Amino acid sequence: MACLKLGSRADVFRKQGQDWYCTTGLPSDITVTVGEQSFHLHKFPLLSKSGLLERCIREKIENGDDSSVIDLSDIPGGAKAFELTAKFCYGVKFEMTASNVVHLRCGAEYLEMTEEIAEGNLIAQTENFLTQTVLRSWKDSIKALHTCDDILDLAEKLQIVKRCIDSIATKSCTDPDLFGWPVVQYGGPMQSPGGSVLWNGISTGARPRHSSPDWWYDDVSCLSLPLYKKVISAMEYRGINQDIIVGSLNHYAKRRLPGLNRRKSISDVSSCLSISSLTSIPSEEEQKYLLEEIDRLLPFQRGVTSCKLLFGLLRTAIILKASPSCVSNLERRIGMQLDKATLEDLLIPNISESVETLYDVDCVHRILEHFLAMDQETGGASPGLGEDAQMLASPSLMPITMVAKLIDGYLAEVAPDVNLKLPKFRSLAAAIPDYARPIDDGLYRAIDIYLKAHPHLSESEKEELCRVMDCQKLSLEACTHAAQNERLPLRVIVQVLFFEQLQLRSSIAECLMVSENLEGGSRQLIPTISGEQYRPGWPLASRENQALREGMDSMKQRVADLEKECSTMRDEIERLGRSRSTGKSRFSLNMKPQICSTKEAIPTTATATASEEKMAVVKGDTTPRLKLSRHKKKLSIEA
């Protein structure tokens, strides 16, 4: 830190308790009181430098006041500032630094220590040191601005605050390696103009480490909120990147709001504790005011502020009971970029005394409404459709689809809460538009968890809840699970079975049709794709057709294996029948089991049975094998 040495005399000031004495050998003839401290000094050194003290002493003499006491309790900087100004008047040695120059400048202004009183007076000395030394250094500018808090009004009047802020804002937009050479930054080595590290003035050839854009975050975070706001405003005026401003606000908030650090790692928490040990933790009222001011400083743009910071501020605002406008602004900011949030972010604890739920579902619902309103305003309320009624963009890439998946996960997380009422759960689930969910498996899982945690629901309430779900958009696995789910209403189970059968029939029909097309027209497909009639969706359709063809081949192989097993069992049954006597046997060995006959004509009932078994084979069911095993066992017993 730069300094300026003033005076040439040895220190003649001694302190005893709350009194200061000047040990020059002459008795003091004037006493200056500053608060609880008293300075026993001499008139002549003070009169020769201070216009205010000269006027006060002259008035006392003109009024015939024999009192030698002058009260200067309102001097800027208090007793410490007057002590330094008194040493300057006596010519005592002391150092002017960035930490005391602001108090000296304001004290000199208060005492009227101008050039008209004496040449080279304190006002001129402090102004030269500020302009020539302090404002040219980043660290000294920060320290000088930091000392303006308790004398802010006079410092602003003297343009000290403005000059320090302009210096800081200018340097924050510049590479720190370019100003203040030679620079000793963060206790590091000095650098040459070429950038190499200096050792005793000799270039070592080593290159310094380049600074990141956030190099100034920790320095400005030591400033009070009024001064910090002025610095940020000055930086925004100079066009600094909004991302850098938000990063500084994030750093400043985490340093002064303990609630934002609850999810940090151990190393981050230890560093935060080391920082907080240097500064006292503000009270709840101060934290609430700070949070509301930070909310006003954050830019109202999508994607500039991270969701993690916004959710942290929202949780802290709810805990500190910040103003409703502050909470609403944070919810609106989060709603603008809800598609970038995570499930962990949405789990906001409920601290309201009137609601007994574990998580604040109402808050998440309001955030979702802000997102849906923003989505409608930006024209993203529904997916675009092409001429062939197909989506132009993939649903998985749409923000509304990502939000739907996020909300379904949140519903599954809060569903086990026994205090969560059905209207609130259903309202949040129904808030997502139908087109936003390409598949309803996540919603079905959440509904199933809620029904399991709330067994007291009536049949009508269960049906009302299940209306939010579209059974046609359930996957085959979800349909299989739902068909066996005793917690679902009977009407829903019937619908699931119906749509499952439709899905299986359509799948089999598509497989057969695609297989025939691929076998008969594979050669004609290539010029069509590469020709003028090519469409962007054909590669995807080709891959789907290939997958369906492979599935069809696998199904044919399984049916062939099943027929072979049936033939083996039939031969075994005939062999068992010949070993028994003809009178005791109830079955004719010439009769062929209908379920195993795939090459001969069979009655209508047998055809229906075989169709059902083929359906079971498509689903991967082992029921036909179990039926054949039981039939074999029965024949053995009866024989």
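Residues numbered from 1 in each chain as written. Predicted model: local features only at pLDDT ≥ 70, side-chain atom pairs only at ≥ 80, totals over all residues. Heavy atoms only, no water.

**A look at the overall build of the protein**
The condition is simple: Here a strand is any run of E in DSSP of at least two residues, a helix any run of H or I of at least four, and the numbering for each starts at the N terminus. Remark: exposure states derive from per-residue accessible area (1.4 Å probe, protein chains only) relative to the maximum for the residue type, with buried under 20%, exposed over 50%, and partly exposed in between. Contacts are assigned to residue pairs that have any heavy atoms within 4.5 Å of one another. Areas reported as accessible are Shrake-Rupley estimates using a 1.4 Å probe. Residue values count occlusion only from the protein chains shown.
Counting its secondary structure elements, the protein contains 26 helices and 9 strands. Out of the 639 residues in the protein, the part that is buried amounts to 40%. For the protein, long-range pairs separated by at least 24 residues make up 69% of all intrachain contacts whose partners lie at least 6 apart in sequence. Summing over all exposed atoms, the protein offers an accessible surface of approximately 35700 Å²; the carbon and sulfur share of this is 53%.

**As for the packing of helix 13 (residues 284-297) against helix 14 (residues 307-320)**
Put simply, the test is: To get an axis, a line is fitted to the C-alpha atoms, and for a helix only the part in contact is used. The angle between two axes follows their N-to-C directions and goes from 0 to 180 degrees. Orientation labels follow simple angle bins: below 35 degrees gives roughly parallel, above 145 gives roughly antiparallel, 65 to 115 gives roughly perpendicular, and whatever is left gives oblique. Left-handed describes a crossing in which the near helix is turned anticlockwise from the far one by less than a right angle; the clockwise case is right-handed.
Viewed as axis vectors pointing N to C, helix 13 and helix 14 meet at an angle of 140°, and their least axial separation amounts to 10 Å. The orientation of helix 13 relative to helix 14 falls into the category oblique. As for how helix 13 packs across helix 14, the hand of that crossing is left-handed. Only Leu313, Thr316, Ala317 and Leu320 of helix 14 make contact with helix 13, whose side of the interface consists of Glu284, Gln287, Lys288, Leu291 and Ile294.

**Some points on the pattern of salt bridges**
Two side chains that carry opposite charge are able to pair once their charged atoms sit near each other. Selection rule: For this analysis, a salt bridge means a side-chain nitrogen from Lys or Arg found within 4 Å of a carboxyl oxygen belonging to Asp or Glu.
Using the criterion set out here, one finds 24 salt bridges in the structure. The partner of Asp218 in a salt bridge is Arg255, and the shortest N-O contact between them spans 3.4 Å. Taken as a pair, Asp218 in helix 9 (residues 217-220) and Arg255 in helix 11 (residues 242-256) lie far apart in primary sequence, 37 residues in all. Here Lys473 ties to Asp440 by a salt bridge, and the two come within 3.9 Å at their closest N and O atoms. Of the two residues, Lys473 sits in the loop between helix 21 (459-466) and helix 22 (476-483) while Asp440 sits in the loop between helix 19 (422-430) and helix 20 (441-453), which places them 33 residues apart along the sequence. According to the relative accessible area criterion, Asp440 is buried, its value standing at 2%. Linked through salt bridges whose partners overlap, the residues forming this network are Asp11, Lys80, Glu83 and Lys87.

**Here we look at the side chain of Ser475**
Put simply, the test is: Counted as a polar contact is a pair of N or O atoms within 3.5 Å, where, for protein atoms, one must be capable of donating a hydrogen and the other of accepting one, and residues adjacent in sequence contribute only when both atoms are in side chains.
Looking at the secondary structure, you find Ser475 in the loop between helix 21 and helix 22. Judged by relative accessible area, which is 14%, Ser475 ranks as buried. Within the structure, Ser475 has its side chain in polar contact with the side chain of Asp441 (distance 2.5 Å). If near-sequence neighbours (up to four positions away) are discounted, Ser475 is found in contact with Ile439 and Asp441.

**Things to note about helix 4 (residues 101-111)**
Of all the 11 residues making up helix 4, 9 are buried; the element is thus mostly covered by neighbouring parts of the structure. Taken residue by residue, helix 4 has Val101, Val102, His103, Leu104, Arg105, Cys106, Gly107, Ala108 and Leu111 as its buried positions. A positive phi of about 60° marks Glu112, the residue just after helix 4.

**Quick notes on the pairing of strand 4 (residues 30-34)**
Keep this limit in mind: A pair of strands counts as paired when DSSP detects no fewer than two bridges linking them.
For strand 4, a buried count of 5 out of 5 residues is recorded, marking the element as mostly surrounded by other parts of the structure. Both strand 4 and strand 5 (residues 37-41) contribute to a ladder of 5 bridges, which runs antiparallel. Paired with Val32 across the strands is Phe39, a residue of strand 5. As judged from the 3 bridges shared by strand 4 and strand 6 (residues 69-71), these two strands associate in the parallel manner. Residue pairing in the sheet places Thr33 in a bridge with Asp71 of strand 6.

**Things to note about the sheet that holds strand 3 (residues 19-22)**
Within a sheet, each strand pairs with its neighbour through backbone hydrogen bonds, oriented either parallel or antiparallel. Strand order across the open sheet formed by 5 strands is 2-3-5-4-6, with mixed pairing between neighbours. Two strands bound the open sheet, and with one partner strand each, they are strand 2 (13-16) and strand 6. On average, each strand axis in the sheet is inclined to that of its neighbour by 20°, with strand direction left out of account. Along the sheet, helix 2 (residues 51-62) contacts strand 4 and strand 6; its crossing angle with strand 6, the most-contacted strand, is approximately 130°.

**Comments concerning unusual backbone geometry**
Even without glycine at this site, Glu112 takes up a positive phi of about 60°. By the element assignment, Glu112 lies in the loop between helix 4 and helix 5 (122-132). Phi is positive for Gln159, close to 65°, though the residue is something other than glycine. Within the element layout of this structure, Gln159 appears in the loop between helix 7 (152-157) and helix 8 (160-172).

**Some words on the nonpolar core**
Basically, it comes down to this: Take the buried Ala, Val, Leu, Ile, Met, Phe, Trp, Tyr and Cys residues and link them wherever side-chain atoms come within 4.5 Å; each set so joined is a nonpolar core. In this document the domain limits rely on a domain assignment from an automatic tool or a database.
Judged by nonpolar contacts, the single largest core of 147 residues is most densely connected at Leu41, Phe82 and Leu338. Shared between two domains, this core holds at least three residues of each, these being domain 1 (3-136) and domain 2 (337-379 + 397-470). Leaving out residues up to four positions away in the same chain, Phe82 has contacts with Val32, Val34, Phe39, Leu41, Leu72, Ile75 and Leu111.

**Section: the packing of aromatic side chains**
Going by this rule: Ring geometry is summarised as follows: Phe, Tyr and Trp rings, the Trp one being its six-membered ring, pair when their centres sit within 6.5 Å, and such pairs are stacked at plane angles under 30 degrees, edge-to-face over 60 and tilted between the two.
Applying the stated criterion across every chain, the model contains 7 aromatic pairs. Where Trp20 meets Phe39, the ring centres are 5.9 Å apart and the plane angle is 10°; that geometry is what we call stacked. Highlighted residues: Trp20 in strand 3 and Phe39 in strand 5, separated in sequence by 19 residues. Taking the relative accessible area as the measure of exposure, Phe39 reaches 0% and is therefore buried. Through pairs of rings, three or more aromatic residues link up here, namely Trp20, Phe39 and Phe82.

**Brief notes about the confidence of the model for the protein**
Inclusion rule: Confidence of the prediction at every residue is given by pLDDT, a number between 0 and 100.
This prediction gives the protein a mean pLDDT of 77; 72% of its residues lie at or above 70. Confidence scores differ between elements of the protein, with helix 25 (residues 604-618) showing the lowest mean pLDDT of 39 and helix 19 the highest of 95. Overall, residues 179-200 carries pLDDT values under 50, and its contacts beyond four positions in sequence, including any with other chains, amount to 49 contacts. Predicted confidence is poor over residues 384-393, with pLDDT under 50, and the contacts of this stretch with residues over four places away or in other chains come to 9 contacts.

**Looking at the environment of Val403**
As for its position among the elements, Val403 is in helix 18 (residues 399-414). Overall, the relative accessible area of 0% leaves Val403 in the buried class. Each C-alpha atom of the pair Val403 and Ile432 lies 8.5 Å from the other, and the pair is 29 residues apart in sequence.

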